[in-house]
Every structure is written in structure tokens, then in C-alpha cells.
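# An overview of the molecular structure
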Amino acid sequence: INDFSYLHTNCFELSIYVGCDKYPHESELPEEWENNRESLIVFMEQVHRGIKGIVKDVHGKGIPNAIISVEGVNHDIRTGK
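These numbers come from a predicted model, not from an experiment. In every chain, residue numbers begin from 1 and rise along the written sequence. Since the coordinates come from a predicted model, pLDDT governs what is reported: local features require at least 70, and pairs of side-chain atoms require 80 or more to be given and counted, while whole-chain, interface and lining totals use all residues. Neither water nor hydrogens contribute to the side-chain values; these are computed over all heavy atoms in the structure.

Counting secondary structure elements, the protein chain contains two helices and two strands. Numbering of helices and strands runs from the N terminus, with a helix taken as a DSSP run of H or I at least four residues long and a strand as a DSSP run of E at least two residues long. When the helices and strands of the protein chain are listed from N to C terminus, the series reads α-α-β-β. On C-alpha atoms alone, the protein chain measures out to a radius of gyration of 18 Å, which is more than a quarter above the 12 Å that the 2.2 N^0.38 rule sets for 81 residues. Principal-axis analysis of the C-alpha atoms places the extent of the protein chain at approximately 55 × 25 × 25 Å. Throughout, exposure labels follow a simple rule: accessible area from a 1.4 Å probe, protein chains only, divided by the maximum for the residue type, with under 20% read as buried, over 50% as exposed, and the rest as partly exposed. When burial is assessed residue by residue, the protein chain has 6% of its 81 residues classed as buried. We count Lys and Arg on the positive side and Asp and Glu on the negative side, and we leave His and both chain ends out. By convention, the charge on Lys lies at NZ, on Arg at CZ, on Asp at CG and on Glu at CD. For the protein chain, the distance from the average site of its 8 positive side-chain charges to the average site of its 13 negative ones is 16 Å. Here the globule rule is a power law, 2.2 Å times the number of residues to the power 0.38, and the radius of gyration is based on C-alpha atoms.

Another aspect to go through is unusual backbone geometry. Although it is not a glycine, Asn65 sits at a positive phi angle of roughly 65°. Checked against the element boundaries, Asn65 lands in the loop between helix H2 (29-45) and strand E1 (67-68). Under the relative-accessibility criterion, Asn65 is labelled partly exposed at 49%.

Here it is in C-alpha cells:
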């Protein structure tokens, strides 16, 4: 579903596995959190990187469904409503 969402919507989803066991026992979760906490927090902070903004017309009104292209990136996106 992650690939479908990225290719056909403006949604970028990630699944992150931090170990070989996809379904660790509940008793193992505190240790898994401690082992991966710092790297996961740094990863989440990366959401603030990149280009962000609002596409507006000359009157300051948002433009729905505007196409945004970035040179060198072969994946256009569209603005929301």
C-alpha cells in the first residue's frame, strides 16, 4: 500500500522494522524502544526538511489541484483542496 499511496496520492507512508521479529512479544518492547529511540526521533525530525508552502493565486486564495514539479525528480504532486 505504501507504493500505491505514494504514486497515486499525495501521501508518503513508511513502514519501519527495527529488528528481524515483525511481532515481538510485549515484554521485549521497552528494550526495542531503548535500542532505537534516538535514531527514530532523529528520523522523525527530518519531516522539517525540504520545501513546504501553500500555492495561492494573485488574490491569496489557495489553488486546488495545482501540479508541482521539481527538476530532477520524476514524480509530480498536486495540491489539495
